[in-house]
Amino acid sequence: MLLPVFTLKLRHKISPRMVAVGRYDGTHPCLAAATQAGKVADGASAMVLGTLGDIPSPLAIIGGNCALQGFDHAGNDLFWTVTGDNVHSLALCDFDGDGKKESEDFDIRVFKEDEIVAEMTETEIITSLCPMYGSRFGYALSNGTVGVYDKTARYWRIKSKNHAMSIHAFDLNSDGVCELITGWSNGKVDARSDRTGEVIFKDNFSSAVAGVVEGDYRMDGHVQLICCSVDGEIRGYLPGTAEMRGNLLDTSIEQDLIRELSQKKQNLLLELRNYEENAKAESSSPLNEADGHRGIIPANTKLHTALSVNLGNETQAAHAELCISTSNDTIIRAVLIFAEGIFLGESHVVHPSIHNLSSSIRVPITPPKDVPVDLHLKTFVGYRCSTQFHVFELTRQLPRFSMYALTSPDSASKPLSYVNFTIAERAQRVVMWLNQNFLLPEDTNIQNAPFQVCFTSLRNGGQLYIKIKLSGEITVNTDDIDLAGDVIQSMASFFAIEDLQVEAEFPVYFEELRKVLVKVDEYHSVHQKLSADMADNSNLIRSLLVRAEDARLMRDMKTMKSRYMELYDLNKDLLNGYKIRCNNHTELLGNLKAVNQAIQRAGRLRVGKPKNQVITACRDAIRSNNINMLFRIMRVGTASS
Amino acid sequence: MDLNLNRADYLQVGVTSQKTMKLLPASRRRATQKVVVGDHDGVVMCFGMKKGEAVTVFKTLPGQKIARLELGGVLNTPQEKVFVAAGSEIRGFTKRGKQFLSFETNLTESIKAMYISGSDLFLSASYIYNHYCDCKDQHYYLSGDKINDIICLPVERLPRITPVLACQDRVLRVLQGSDVTYEIEVPGPPTVLALHNGNGGDSGEDLMFGTSDGKLGLIQITTSKPIHKWEIGNEKKRGGILCVDNFDIVGDGVKDLLVGRDDGMVEVYSFDNANEPVLRFDQALSESVTSIQGGCVGKDGYDEIVVSTYSGWVTGLTTEPIHKESGPGEELKINQEMQNKISSLRSELEHLQLKVLQEREKYQQSSQSSKAKSAVPSFSINDKFTLNKDDASYSLTLEVQTAIDNVLIQSDVPIDLLDVDKNSAVVSFSSCDSESNDNFLLATYRCQANTTRLELKIRSIEGQYGTLQAYVTPRIQPKTCQVRQYLIKPLSLHQRTHVIDHDRPMNTLTLTGQFSFAEVHSWVVFCLPEVPEKPPAGECVTFYFQNTFLDTQLESTYKKGEGIFKSDNISTISILKDVLSKEATKRKINLNISYEINEVSVKHTLKLIHPKLEYQLLLAKKVQLIDALKELQVHEGNTNFLIPEYRCILEEADHLQEEYKKQPAHLERLYGMITDLFIDKFKFKGTNVKTKVPLLLEILDSYDQNALIAFFDAA
């Protein structure tokens, strides 16, 4: 049993995720906690200190608005790269010697210096990351999931109805390997083994945990794990000693083991009894009404599932459709679909009313993003009057581009925007890729190269043309630059392409970007002007205050009053000015984000080395404020003409 | 003195009912005792612990599910004969396992409760009570509502036989022969009765009861009237009481009270100088505690609390320390015992696994044949759907003998599902297309590993009725699920009571027509909770109800051809009118509905709501201020500059916030009810005032009692 070595109570609330340990005076460690809502610096939402790659001095790496920057101690900007969305958390770890960071759009991206080496997509917004041991790192999502990755493979994850407020790696049981310590929103703190996710220690606070940190807080040479709750309660834990043999919970392991084994035994016995009863039921008379009530169904009942595209009608928008049907007269009482990221919660239920029961059910599915999703189906099969149902469990994969319907190629006007690239693959392989990633009707027969297919997006009706020529040159026509990126990334991973240079043309998007860039300039100048105004005003305030005080000392109450009235008005002006500045700033941030995203998107149209070249070149173009150069890079992928 | 108890699991049998585990009397004090336990498979098992291993003394063959297990014997000798109630049969076993009695009662229903005293046998089925002496029928009583438990005051200490029935309608019925001497109202539906100190206390008349909403009490049953001694409320919102026992576990010479609850809590209360109970110890087990007894099982000389749980675990909470301070040699031995146990379990498991694999294959093969059938394994669900008086919400608890995989909750009425701190399952709400499929709520609960018990909280709206369905899928192969249905009645927030205030201004709804007593009773059952399904005896019956949220009341009196409903709340009458006329039309019965509206009652109801509303408004206001005040406090360093009112808020901040969190949406509910009241008042007058509702809400936002009453009068 592990007990806190110290407990203390601050009388103040601690803001979640605002706890750190530092040595303010160089020797005495202090626990710093933001007790009031802190003001986060402009655009920076995550920061980490460390050495990066071959840059010798330690860097402060700031993750902000779609961008990642590294500064050395002198404030020099040594490192810069863009990401797909706002950076939420940063961590450095030895992932073959690289830094890593992740962002709001559910992805974890791993950077080696400034090139992305791996991307992992999670189902929810990632809230924090922490390096563990070697190439392992822990992560937490905003939907209450925590887990551990080793390089790009997920070791384990668990989901709870509470949110993980803070995660930290700490070796609590002194076995030389860090455990993942999680502080939860319901006040629970648990330590889980990095390999299995098994809980080795837990404790409870009366309120949500604000942060988990480590430090030698008692100055006795031992590092403690320090947990703070939002109500200001702080507890410190010393790592367990070797004699405890990792046994940190108070109930003895043997007892638990026996309980677990007995439970297993009981389950097996129950299962055995189920089969016995089944055999008994089988030997009795053929199927009748009463059997249906008890939920007896023919043993050869099978469940068919089919995925297709439904173009919709007046009442229902177009969607992908999952059709589930039984092979005989049994009915489907309800279908539970567990899948992450495509429903409001983690599950979707179809439960027809008692009058509408039938042996087949159609489930409309509209995934919001183009990602492949595993659908875990649980289907309750029985008869109309049953109170017990068989549960058929199966898993179907929803292809990445399930929200695109095949249409005849010449039907609509071809989108002007396109990407163009060449791959060394046979046309059959491309057809295979199409089959795997789109929901094609069963009778689709695609002839040999050259051919052209056309899809319509079920979300906005946008067109997607994919044309392959005999030479292996592929043209993808679409107005959606993200979709083009998705298609290229999907193909690249399917055909295992390492480097791919792409020619791209998105006139509409580029025009918008041009406007954004102009706006950025405008906002910058407005910002400067406002700052100047504010400085003027503050000077005025100072003089007004002096004059008012003078009037007071001279007992000229009337003048004093009017001075103070002026002061009051000026103050109001200042406040208004501040509000305008704030709005201006948010707009600016929004636009900067759009620019960063544009660079990121341009990068996503390429694979491997060309991708990084594009990002670096774009960055240079922006730095030198050469907008035409920027667009050329986005189009052809290189700066040189 | 601190009470420190360590948990030791002894054995697992099948699913157990309430009060089905007992300890056989010991030969001497603190010697080990044998445990007898009966389960749903009908097996009675007697075992003792030897060196940490359970050694079976006897085990009967499976049969009908065992509902009760009691010990008996000749009076004033050790009570060591085992009696079990299974179906409508009573069986008796000696302590060696020899069956000496098989008594087939003439009851048509299966026995629910049993008590044994010497040669007297007291039995009850759902509604029927029977008293046998030497297996000869003596007395009989038909109760108005379900009988949950039965006991008889000690006959050896009192000159009379006084059986007491615990009935679902919140009443203890004290009998004499076949007649009720008097009824005692208790604060909740009583689920368990026990003699105080095991012998009826000093007077021999002291009786303890536990209720399904978690309250405990002690009552002295004198010949003429009851004397209430003490009561323990359920402040911590723990589960209902399933079993109690008296045993001196603390070791101070006074018997302590041991309590087992249906949320797995085991509690020990000891008595202070004033004979009031004080909580000394509690421990949470993961599933319902069905029986509890103090004694000595695991090791000589160490007292313990033995409990049995729903899924059949017999567990001891022992005073024996886990880590002994004796020499290292002994420690090793204990470990050795454990190791043996584990290895034997493991080999057993392996064997079983092999067998299961074979069977599984056979099952898979059978699915190829066209003639074969596939049955669903049945599993038992222990469920409870009760109205909480404190926050006027329903709680639904589901308990399964094995771990639950997921639960699907479906409802065809609009209800709110509230979060319960205790459950760790991941809830996910699914969108529902209400118009075509009658779904207003679809939610899945995905349970964490080893969850056998799930608790949900549901908030209903009066006037909207339908069914709530729970599809429970346990983690067992072949995968199956079971549906449970729960009715949300039109007047779902009403609760049975036995006394009402007759001086209140009442509105009356009168039904007349060609309907039978049974029919009108079925309508009342349809509309109101806690009414027995069976029509009560007699020609005319009166039930009283109380609205748990507003404290308004309802009196229903009905007989063949006539039904009278009186309530001080116009909305209650309005709901009844709508539902009853709909029901009657459905059955094509011609009903004459007449009503008499008392204008004063509206004002009266508003006055009833007033203190609640005012309190809630004030609370909301105070809670809103807390954060700002705290910031001020931090800035200024102290609170001296604040006015006393604000200082008071700061001091009580935690308490206020807790209170506020406890009653989510309380204010909205009150607003809703006032709006209903407003609409209903004018509905009876024949005017539709829906257009004026926004105006009403405006008035509520700047609440003032007189303004509100004036608005009601003026509109």
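In this text, all values refer to a predicted model and were calculated from it rather than measured experimentally.

Chemist: Before we go on, may I ask you to explain the overall build of chain A in this structure?
Modeler: If you tally the helices and strands in chain A, you get eight helices and 36 strands. Counting the 641 residues in chain A, one finds 49% classified as buried. Nonlocal contacts in chain A, meaning residues at least 24 apart in sequence, comprise 55% of its contacts between residues at least 6 apart.

Chemist: In this structure, what is going on with empty space enclosed by the protein? I would like to understand it.
Modeler: One water molecule sets the probe size; rolling that probe over the atoms shows where empty space is left. According to the stated counting rule, one finds two cavities of 30 Å³ or more in the structure shown. Estimated volume of the second largest cavity: approximately 50 Å³. Lining the second largest cavity, in full, are Leu270(A), Asn274(A), Pro377(B), Ser378(B), Phe379(B), Val400(B), Gln401(B), Thr402(B), Pro474(B) and Ile476(B). Split by residue class, the lining of the second largest cavity holds six nonpolar, four polar and no charged.

Chemist: What am I meant to see in the packing of helix H9 (residues 693-701) of chain B against helix H10 (residues 705-714) of chain B here?
Modeler: Describing two packed helices takes the angle between their axes plus the distance from one axis to the other. Residues and elements named next belong to chain B. Two elements in contact, H9 and H10, have axes separated by 9 Å at closest approach and are oriented at 165°. In terms of orientation, H9 lies roughly antiparallel with respect to H10. Crossing handedness for the pair H9 and H10: right-handed. Where H9 approaches H10, its residues Leu695, Leu696, Ile699 and Leu700 are matched on the opposing element by Leu708, Phe711 and Phe712. Residue composition of the contact of H9 with H10, by class: seven nonpolar, no polar and no charged.

Chemist: Could you clarify how one ought to interpret the confidence of the model for chain A in this entry?
Modeler: When pLDDT is low, close inspection of the predicted coordinates is not appropriate. Residue and element names in this part refer to chain A. Scored by pLDDT, chain A has a mean of 74; 71% of the residues are at 70 or more. Note that residues 22-57 has pLDDT below 50 and, in this model, 88 contacts with residues that lie over four places away or in other chains. With pLDDT under 50 throughout, residues 242-251 is counted as low confidence; its partners more than four residues away or in other chains account for 19 contacts.

Chemist: Looking at this model, I keep getting lost on the sheet that holds strand E33 (residues 416-418) of chain B. Mind explaining?
Modeler: Sheet strands associate in pairs through backbone hydrogen bonding, adopting either a parallel or an antiparallel arrangement. Residues and elements named next belong to chain B. Spatial ordering of the open sheet is given by E30-E31-E36-E33, a layout of four strands whose pairing is antiparallel. Of all the strands in the sheet, just strand E30 (381-388) and E33 have a single pairing partner and so form its edges. Neighbour to neighbour, the strand axes of the sheet diverge by 25° on average, direction disregarded. Here strand E31 (residues 393-400) pairs with strand E36 (residues 453-459) via six bridges, running antiparallel. Residue Thr397 lies in a different strand from E36, and its bridge partner there is Glu455.

Chemist: Where do I start with unusual backbone geometry in this structure?
Modeler: The phi angle of most residues is negative, glycine excepted, and most peptide bonds adopt the trans form. Residue and element names in this part refer to chain B. Despite not being glycine, Asp134 has its phi angle at roughly 50°, a positive value. Mapped onto the secondary structure, Asp134 falls in the loop between strand E12 (128-133) and strand E13 (136-142). Under the relative-accessibility criterion, Asp134 is labelled exposed at 52%. A positive phi angle, close to 65°, is found at Glu530, a residue other than glycine. Tracing the backbone through its elements, the reader meets Glu530 in the loop between helix H3 (517-527) and strand E41 (540-547).

Chemist: What exactly am I supposed to notice about the packing of aromatic side chains here?
Modeler: Given two aromatic rings, one states the distance between the centres and the angle between the planes to describe the pair. Counted by the stated rule, this structure contains 28 aromatic pairs over all chains. Look at Trp230(B) and Phe271(B): their rings are 6.0 Å apart centre to centre, the planes differ by 50°, and that puts the pair in the tilted class. One end of the pair, Trp230(B), is in strand E21 (residues 226-232); the other, Phe271(B), is in strand E24 (residues 265-271), and 41 residues separate them in sequence. Ring geometry for Phe678(B) and Phe682(B): centres 5.3 Å apart, planes at 65°, overall edge-to-face. Of this pair, Phe678(B) and Phe682(B) both sit in helix H8 (residues 666-685), four residues apart, roughly one helical turn. Here the two residues Phe678(B) and Phe682(B) agree in accessibility, since each one is buried. Taken together, the ring pairs connect Phe401(A), Tyr404(A), Trp433(A), Phe438(A) and Phe455(A) into an aromatic cluster. The residue whose ring lies beneath Lys81(B) is Phe100(B), and the NZ or CZ to ring-centre distance is 5.8 Å. Positioned above the aromatic ring of Phe549(B) is the side chain of Arg669(B), whose terminal nitrogen or guanidinium carbon lies 4.6 Å from the ring centre.

Chemist: When you look at the interface of chain B and chain A in this model, what are you seeing that I'm missing?
Modeler: It is common to give the size of an interface as the accessible area lost on bringing the parts into contact. Counting from both sides, the interface comprises 78 residues of chain B and, opposite them, 65 residues of chain A. Roughly 6,500 Å² is buried in total at the junction of chain B and chain A, and carbon and sulfur atoms are behind 56% of that figure. Where chain B meets chain A, there are five salt bridges. For Lys378(A), the salt bridge goes to Asp405(B), with nearest N and O atoms at 3.4 Å. Applying the counting rule to chain B against chain A returns 16 residue pairs in polar contact (both at pLDDT 80 or more). With 17 residues, the top contributor of residues to the side of chain B that touches chain A is helix H1 (residues 328-366) of chain B.

Chemist: Would you explain the packing of H8(B) against H9(B) in this entry?
Modeler: All names here are of chain B. Contact geometry for H8 and H9: axes closest at 11 Å, N-to-C directions at 135°. By the angle class used here, H8 and H9 are oblique. As for how H8 packs across H9, the hand of that crossing is right-handed. Between H8 and H9, the residues in contact are Tyr671, Ile674, Thr675, Phe678 and Ile679 and Val693, Leu696, Leu697, Leu700 and Asp701, respectively. Of the residues in the contact of H8 with H9, the class split is eight nonpolar, one polar and one charged.

Chemist: Is there a simple way to explain the sheet that holds strand E10 (residues 113-117) of chain B in this structure?
Modeler: Residue and element names in this part refer to chain B. Taken in spatial order, the four strands line up as E10-E11-E12-E13 in an open sheet, and their pairing is antiparallel. Two strands lie at the open edges of the sheet, namely E10 and E13, each paired on one side alone. Strand after strand, the sheet turns through a mean of 15° between neighbouring axes, direction not considered. Both strand E11 (residues 120-124) and E12 contribute to a ladder of five bridges, which runs antiparallel. Within E12, the residue paired with Ser124 across the bridge is Tyr129.

Chemist: In this structure, what is going on with the nonpolar core? I would like to understand it.
Modeler: When a protein is soluble and globular, its nonpolar side chains tend to lie buried together. Core analysis: the biggest nonpolar cluster contains 79 residues, and Val407(B), Ile409(B), Leu613(B), Leu708(B) and Phe712(B) have the highest contact counts within it. If one sorts the elements of this core by residue count, H8(B) sits on top with nine residues. Ignoring sequence-local partners within four residues, the contact set of Phe712(B) consists of Val602(B), Leu606(B), Ile674(B), Leu677(B), Phe678(B), Lys681(B), Phe682(B) and Leu696(B). By size, the runner-up hydrophobic cluster in this structure holds 56 residues, among which are Ile423(A), Ala427(A), Leu434(A) and Ile615(A).

Chemist: Help me understand the environment of Ser142(A), please; the structure alone is not making it clear to me.
Modeler: All names here are of chain A. With respect to the helices, strands and loops of the structure, Ser142 is situated in the loop between strand E13 (136-141) and strand E14 (145-150). Under the relative-accessibility criterion, Ser142 is labelled partly exposed at 25%. Between the alpha carbons of Ser142 and Gly461 there is a distance of 32 Å; along the sequence they are 319 residues apart.

Chemist: How should the environment of Cys228(A) be read in this particular structure?
Modeler: Along the chain, Cys228(A) falls in strand E21 (residues 224-229). On a C-alpha basis, the gap between Cys228(A) and Arg542(A) in space is 43 Å, while along the polypeptide they are 314 residues apart.

Chemist: Any chance you could explain the environment of Phe565(B) here in plain terms?
Modeler: Residues and elements named next belong to chain B. Locating Phe565 in the fold gives a position in strand E43 (residues 562-567). Given the relative accessible area of 2%, Phe565 is considered buried. Sequence-wise, Phe565 and Thr309 are 256 residues apart; in three dimensions their C-alpha atoms are separated by 44 Å. Aside from chain neighbours lying at most four places away, what touches Phe565 is Asn507, Thr508, Leu509, Leu511, Val524, Leu554, Glu555, Ser556, Ile573, Leu576 and Leu580.

Chemist: Just to check I follow, could you spell out the pattern of salt bridges for this structure?
Modeler: Pairs can form between side chains of opposite charge once their charged atoms are near each other. On inspection of all chains with the given rule, the structure shows 47 salt bridges over all chains. Between Arg453(B) and Glu455(B) there is a salt bridge, with its nearest N and O atoms 3.4 Å apart. Given the relative accessible area of 14%, Arg453(B) is considered buried. For Lys683(B), the salt bridge is made with Asp680(B), and the minimal N-O distance between the two is 3.9 Å. Here Lys683(B) pairs with Asp680(B), and both are found in helix H8, just three residues apart, close to one helical turn. Given the relative accessible area of 8%, Asp680(B) is considered buried. Each of Lys378(A), Glu393(A), Asp405(B), Arg475(B) and Lys479(B) takes part in a single network of salt bridges with overlapping partners.

Thresholds applied
- Residues numbered from 1 in each chain as written.
- Chains lettered and ligands numbered in written order.
- Predicted model: local features only at pLDDT ≥ 70, side-chain atom pairs only at ≥ 80, totals over all residues.
- Heavy atoms only, no water.
- Helix = DSSP H or I, 4+ residues; strand = E, 2+ residues; numbered from the N terminus.
- Buried < 20%, exposed > 50% of the residue type's maximum accessible area, 1.4 Å probe, protein only.
- Contact = heavy atoms within 4.5 Å.
- 1 Å grid on protein atoms, 1.4 Å probe; cavity = no way out; pocket = protein on both sides within 12 Å on 5 of 7 lines; lining within 4 Å.
- Points joined across faces, edges and corners; volume = space filled by probe spheres on them.
- Nonpolar A, V, L, I, M, F, W, Y, C, P; charged D, E, K, R; others polar.
- Axes fitted to C-alpha atoms, helices over the stretch in contact; angles between N-to-C directions.
- Parallel < 35°, antiparallel > 145°, perpendicular 65-115°, else oblique.
- Left-handed = near helix turned anticlockwise from the far one by under 90°.
- pLDDT = per-residue confidence, 0-100.
- Pairing = 2+ DSSP bridges.
- Phe/Tyr/Trp six-rings, centres within 6.5 Å; stacked < 30°, edge-to-face > 60°.
- Lys NZ or Arg CZ within 6 Å of the ring centre and 35° of its normal.
- Buried area = accessible area lost by both parts, 1.4 Å probe.
- Salt bridge = Lys/Arg side-chain N within 4 Å of Asp/Glu carboxyl O.
- Polar contact = N/O pair within 3.5 Å; in protein donor to acceptor, adjacent residues only side chain to side chain.
- Core = buried A, V, L, I, M, F, W, Y, C linked by side-chain atoms within 4.5 Å.

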